[in-house]
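Results of the structural survey
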Amino acid sequence: MEKNHTAGDSETVFSPQSWKEKGNIAFKDGDWDEAYKCYTRAIKQTKEDSAEKAVYYKNRAAVQLKRNKYSEACSDCTSALEIVASDPKALFRRCQALEALEKFEEAYRDARQIHTVDPGNKAVQPILERLHQIVQDRMQQNAQSTNKVAQMCKYAFDMGEEKEKRVTATNNLLVLAREKAGAEIMYNSGIVQKISSLLKVEKDKEIFLSGVRIVGELCKNSVERTKGVLQEVGVPWFLDILNCREEVQVNAAQYCMQTILNSLSGMENKPDSMPKPELCAENKKEIDTLLTCFVYATTSRTISGLARDALMELITRNIHYSALNWAERLIEIRGLHRLMEVASELEEYKYESAMEITPSTRTISSVCLARIYENMYYDQARTRFLNSVDDYIKDKLMSPCIESKVRVVVALTTLLLGPLEVGNTIVSREGILEMILVMAGTDDVLQQKVACECIIAIASKKDKVRGIISHGVDILKKLYQSKNDSIRVRALVGLCKLGSSGGTDASIRPFADGSTSKLAEACRRFLTNPAKDRDMRRWAVEGLSYLTLDAEVKEKLVEDKDALRAMIELAKTGDQSVVYGCVTTLVNLANAYEKQEVIPEMVELAKFAKHHIPEEHELDDPDFVTKRLEILAKEGVTSALVVLSKTDSQNTKELISRVFNAICCQKELRGLVVQQGGAKVLLPMALDGTEKGKKQAAQGLARIGITINPEVAFPGQRSAEVIRPLLSLLSLDCSALENFEALMALCNLAGVNETIRKRIVKEGGVSKIETYMYEQHEMLRRAATQVMTNLIMSPEVVKSYEGNNDRTKLLVLLCSEEDEETSMAAAGALAILTSTSKKACEKVFQPESWLDILHQLLANPSKDLQHRGVVIVYNMMRSCKDVAEKLIATDIMEILMALSTIQEEDKEKIREYAGEALKAAEEWKLIKKPGEEEEEAE
């Protein structure tokens, strides 16, 4: 007797036929995974190409259709057809799969073949008719598109044609390439080769860029075309296009390369987009080749600095485990050594081995290194990362030349700005810190400069600060006396960082009183001096980013309008090297840094234990912070933040979100934020970034959504996209204030239109919002009920209230809340609900206290509540005879009669609805008209 085994047991237990039967049972039960395993076992155990094997393939194809795996279903049907040609079932299932894959011509071919071999097949008739129409329409559309492509190509690739005609033609081709049919026709017409040849000689920038963008569009969402393009032109072609000193061309080439990676991996240009594992596995060779080329090209001495930055940005975006998970592979091919080589480069001093870099290169390389290290999410991988960096440092230090030591210190500075943990580990190695201090004490300007920068970076750790204060302050003071401005400003920043090591604690001052203010004044002088170059001003801002932890320095900076404007103008340049200094200074000015909650009991315990208790400066009181925020907003800080938000660093984006949120805290400043594009950049930051950063951005959006009409604040599609960040604030991890502000903003959004309401429902918002309707916190309960009042206008939400649940019952109970606004919102929601749903009218009777609640509404001193109450009763009376009978059996009729004769002018609507409710009862024959009663009396 056979045992009852599952598909995971030994293959020798059952025959192929038995596996098929087990698969059929699983299929009927809807267990697709089990059915797939069973049919696969049957296929494996059937060696020869027998008719039975074709059946197993067909059955597995049916499973793949259920799992929406249409390519696999096609493959199985094809295997079945290779054994039994023209099998109607195999053709039918392949036809379904091909149609789902939008391969309509191939699907139509199969449908016609089914009709040929099985003319009486009724199931295929509607499919055949539908596909015939689709194929005809596509043929007509393709014919039109083919003519357009031919005509546009004639103008675009004719160098003797007028420039305007050629520009228009290439722009039209770009538009066509964005359409699936157009892209297919253009690709099949050999346009890639034409563009490749054209760009070798094209002088007009607009035509050149259109050509690059057309290639990118052809690759979008098509693995087949992408592979064809790569085979046609090769990766070096893209690197040549990228190798340029014009930002617009570099951006176009970079976008094109990212599109290729997206197509090969199934990713999209969206913050929460994830690759498809099966596509990544299938296209592993191409993905590996592309990323390897990018890594190797980063150290090329022949590419431009902008191209180098673009390549590192591509690596940063794609190597993380949430994207292509390529970081460990990068270490295997010694790619980390190459990135360390870039990280060790100096822009101002050129050695023979130097490569071209931009002011942003080292910042971008530090972000890239941090991203790679973030991917090392287990100890062994982190050890490999550290060993690779160690090897690079040791190799350099083996050389006796000064250049190698300089490169080590520069690379170490970059590490300390990126993967700080690794940088600190290297600094802790014997002799490293001493070497840096010795370099700072030499007379060589280059060594002084790089050593100063490294000391500044090292001073991020408090234990290192103590060591530098004891050994390095005298060296920094000496360097500050240098005649070289670049040395002076770096030494100044070093002193600033050491002087601010007490943070916001007003009781800790590492230097003598007044020193911090003098250092800040020196920084402001560097910042406002027109004779100083941008690099000087960048370092001055970095110095202020440390010193502005001191409240007195904050006040002096916002009073110095020239310095403030100079900093904001510097931020607007978008230079990646200024991002950290500008953003950190703004965070400090706005007091938007993370503050530890002060619990009075813990303070008393600390006093008792004689522990140090941090003190907040009086100039950091809310009134002073509000004033600083107003000044910042009026000086155009939002525009600067919009530019700065283009950074790839998630930590920096979190800081930007904090400043935005602090400004949005002030009701009167929210309009400025929207006008200057703040809401537009807050949205992506609320969807992608650190958890704290997303929360800060989401709260900023909520605050905007409370004050400003959502259609103005979030125009177009943005109104729908903002819903997810707002719903993310409805969590136990968020504060009551964050919950409340999110609910208020959602209330305004829910009142915009049905599309928005549907999106809230789709994102699971109804259950989240409903949770807060039964919170103990009065303000949260009120806000949630107000959101539901607007949401209940959606038929989908009404259906959820009609279901087998207590939602309507709880809404009725909320009508009797002590808080008048909550009661008003609940009664409004119930009035809307009962106006559209007969079931909801019946559910009003669920609470035992339903009559008391209706009494409370109908006799309420508030005319608005009374109005809602009489509308609810009117809706119930009108809904059906059973509901009306139940109402008439109480004293509700007497109350309605009293309300129908009310004479107060401001209660006209109440009088009308009460009268209409009585008329409804008359129509149900539950009460008699006055005239009818008089006749019977006579």
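Nothing here was measured: the structure is a model prediction, and the numbers come from that model.

Right, let's talk about the overall build of the protein for a bit. Helix and strand counts for the protein come out as 57 helices and 0 strands. Once the C-alpha set of the protein is aligned to its principal axes, its extents read approximately 120 × 80 × 80 Å. Counting contacts in the protein only where the partners sit at least 6 residues apart, residues at least 24 apart contribute 67% of the total. With an accessible surface of roughly 43900 Å², the protein has 49% of that area assigned to carbon and sulfur atoms.

In this model, helix α29 (residues 515-528) (14 residues) spans 20 Å end to end at C-alpha, consistent with the 20 Å of a helix rising 1.5 Å per residue. Listed in full, the buried residues belonging to α29 are Thr 516, Leu 519, Ala 520, Ala 522, Cys 523, Arg 524, Phe 526 and Leu 527.

This part covers the packing of aromatic side chains. Using the criterion set out here, one finds 7 aromatic pairs in the structure. With a centroid separation of 5.1 Å and 65° between ring planes, the pair formed by Phe 27 and Trp 32 is classed as edge-to-face. Take Trp 32: its relative accessible area is 26%, and that puts it in the partly exposed class. Their ring planes at 80° and their centres at 4.7 Å tell us that Phe 845 and Trp 850 sit as a pair that is edge-to-face.

So, about the environment of Leu 311. Within the secondary structure layout, Leu 311 lies in helix α17 (residues 305-318). On the accessibility criterion, Leu 311 (1% relative accessible area) is buried. Sequence separation between Leu 311 and Met 257 is 54 residues, and the spatial gap between their C-alpha atoms is 9.5 Å. Not counting the four nearest positions on each side in its chain, Leu 311 is found in contact with Leu 239, Leu 242, Phe 294, Ala 297, Thr 298 and Ile 303.

Bringing the pattern of salt bridges into the picture now. Within the structure shown, the criterion is met by 48 salt bridges. The partner of Arg 384 in a salt bridge is Glu 328, and the shortest N-O contact between them spans 2.5 Å. Here the residue Arg 384 occupies a position in helix α21 (residues 379-398), and Glu 328 occupies one in helix α18 (residues 327-332), the gap between them amounting to 56 residues. Look at Arg 384 and you get partly exposed, because its relative accessible area is 36%. Ionic pairing is found between Arg 628 and Glu 555, a salt bridge with its closest N-O pair at 2.7 Å.

Now for the confidence of the model for the protein. Detailed reading of the predicted model is not advised wherever pLDDT is low. Mean pLDDT over the protein: 85, with 91% of residues reaching 70 or higher. Segment residues 503-512: pLDDT under 50, and 25 contacts once partners within four positions in sequence are set aside and those in other chains are kept.

Below, the discussion takes up a nonpolar patch on the surface. On the surface, a cluster of nonpolar side chains totalling about 320 Å² of accessible area is made up of Tyr 321, Tyr 377 and Tyr 378. You can see Tyr 321 is positioned in the loop between α17 and α18.

Taking 1.5 Å per residue, 13 residues should reach 18 Å; helix α1 (residues 16-28) reaches 18 Å between its end C-alpha atoms and fits that length. Listed in full, the buried residues belonging to α1 are Pro 16, Ser 18, Trp 19, Lys 20, Gly 23 and Ala 26. Close packing links the buried residues of α1 with α2 (32-45) and α3 (51-66).

By the secondary structure assignment, Arg 670 is in helix α38 (residues 670-675). For the buried Arg 670, which has no salt bridge, the nearest side chain bearing the opposite charge is Glu 741, at an N-O separation of 5.1 Å. If near-sequence neighbours (up to four positions away) are discounted, Arg 670 is found in contact with Cys 664, Cys 665, Arg 703, Ile 704, Thr 707 and Ile 708.

Topologically, Asp 29 is positioned in the loop between α1 and α2. Its relative accessible area of 62% is what places Asp 29 among the exposed residues. Separated by 215 residues in the primary sequence, Asp 29 and Cys 244 have C-alpha atoms spaced 60 Å apart.

A few words on the packing of α2 against α3. Contact geometry of α2 with α3 gives a least axis separation of 9 Å together with a crossing angle of 160°. By the angle class used here, α2 and α3 are roughly antiparallel. Judged by the sense of rotation from one axis to the other, the crossing of α2 with α3 is left-handed. Residue-level contacts link Trp 32, Ala 35, Tyr 36, Tyr 39, Thr 40, Ala 42 and Ile 43 of α2 to Lys 53, Tyr 56, Tyr 57, Asn 59, Arg 60, Val 63, Gln 64 and Lys 66 of α3. Split into classes, the residues belonging to the contact of α2 with α3 amount to 9 nonpolar, 3 polar and 3 charged.

A word on the packing of helix α19 (residues 335-343) against α21. Working note: a packed helix pair is described by the angle between its axes plus the distance between those axes. Taken N-terminus to C-terminus, the directions of α19 and α21 make an angle of 55°; their axes are 10 Å apart at the nearest point. Viewed along their axes, α19 and α21 adopt a mutual orientation that is oblique. In the crossing of α19 with α21, the sense of the turn from one axis to the other is right-handed. Residues Leu 336, His 337, Met 340 and Glu 341 of α19 touch α21, and the partners they reach there are Phe 385, Ser 388, Val 389, Asp 391, Tyr 392, Asp 395 and Lys 396.

Next up on the list: unusual backbone geometry. In this model, Glu 102 sits at a positive phi of 65°, which is unusual for a non-glycine residue. Within the fold, Glu 102 resides in the loop between α5 (88-100) and α6 (104-117). Backbone geometry places Lys 925, a non-glycine residue, at a positive phi of 65°. By secondary structure assignment, the location of Lys 925 is in the loop between α56 (908-923) and α57 (930-937).

What follows deals with the nonpolar core. For soluble globular proteins, the rule of thumb is that nonpolar side chains tend to be buried together. Counting 267 residues, the largest nonpolar core has Phe 238, Phe 294, Ile 372, Ile 704 and Ile 769 as the members making the most contacts within it. Among the elements that take part in this core, helix α25 (residues 445-458) stands out by supplying 9 residues, more than any other. For Ile 372, the contacting residues outside a window of four places in its chain are Ile 319, Ala 327, Leu 330, Leu 336, Leu 339 and Phe 385. Ranked by size, the runner-up nonpolar core spans 29 residues in total, among them Ala 73, Ala 80, Tyr 108 and Leu 131.

For Ser 265, the position within the fold is in helix α14 (residues 247-265). One polar contact links the side chain of Ser 265 to the main-chain carbonyl oxygen of Leu 261, over a distance of 2.8 Å. Engagement of the side chain of Ser 265 in a polar contact is seen with the backbone nitrogen of Met 267, the distance being 3.5 Å.

On to the state of the cysteines. The full count for this structure, using the stated rule, is 0 disulfides. The structure places no disulfide on Cys 77, whose sulfur is separated from the nearest cysteine sulfur, that of Cys 74, by 6.8 Å. Judged by relative accessible area, Cys 77 falls into the buried class, the value being 0%.

Here we take up the environment of Leu 492. Within the secondary structure, Leu 492 sits in helix α28 (residues 485-499). Taking relative accessible area as the criterion, Leu 492 reaches 0% and is therefore assigned buried. Expressed as a C-alpha distance, the spacing of Leu 492 and Gly 543, which sit 51 residues apart in the sequence, is 7.1 Å. If we ignore the near neighbours within four places in the chain, the residues touching Leu 492 are Tyr 480, Leu 519, Ala 522, Cys 523 and Phe 526.

Conventions and cut-offs
- Residues numbered from 1 in each chain as written.
- Predicted model: local features only at pLDDT ≥ 70, side-chain atom pairs only at ≥ 80, totals over all residues.
- Heavy atoms only, no water.
- Helix = DSSP H or I, 4+ residues; strand = E, 2+ residues; numbered from the N terminus.
- Contact = heavy atoms within 4.5 Å.
- Areas by Shrake-Rupley, 256 points an atom, 1.4 Å probe, with all protein chains shown as cover.
- Expected span 1.5 Å × (residues − 1).
- Buried < 20%, exposed > 50% of the residue type's maximum accessible area, 1.4 Å probe, protein only.
- Phe/Tyr/Trp six-rings, centres within 6.5 Å; stacked < 30°, edge-to-face > 60°.
- Salt bridge = Lys/Arg side-chain N within 4 Å of Asp/Glu carboxyl O.
- pLDDT = per-residue confidence, 0-100.
- Patch = residues over 30% accessible without salt bridge, like charges linked within 9 Å, V, L, I, M, F, W, Y side chains within 5 Å.
- Lys, Arg positive; Asp, Glu negative; His and termini not counted.
- Axes fitted to C-alpha atoms, helices over the stretch in contact; angles between N-to-C directions.
- Parallel < 35°, antiparallel > 145°, perpendicular 65-115°, else oblique.
- Left-handed = near helix turned anticlockwise from the far one by under 90°.
- Nonpolar A, V, L, I, M, F, W, Y, C, P; charged D, E, K, R; others polar.
- Core = buried A, V, L, I, M, F, W, Y, C linked by side-chain atoms within 4.5 Å.
- Polar contact = N/O pair within 3.5 Å; in protein donor to acceptor, adjacent residues only side chain to side chain.
- Disulfide = S-S within 2.5 Å.

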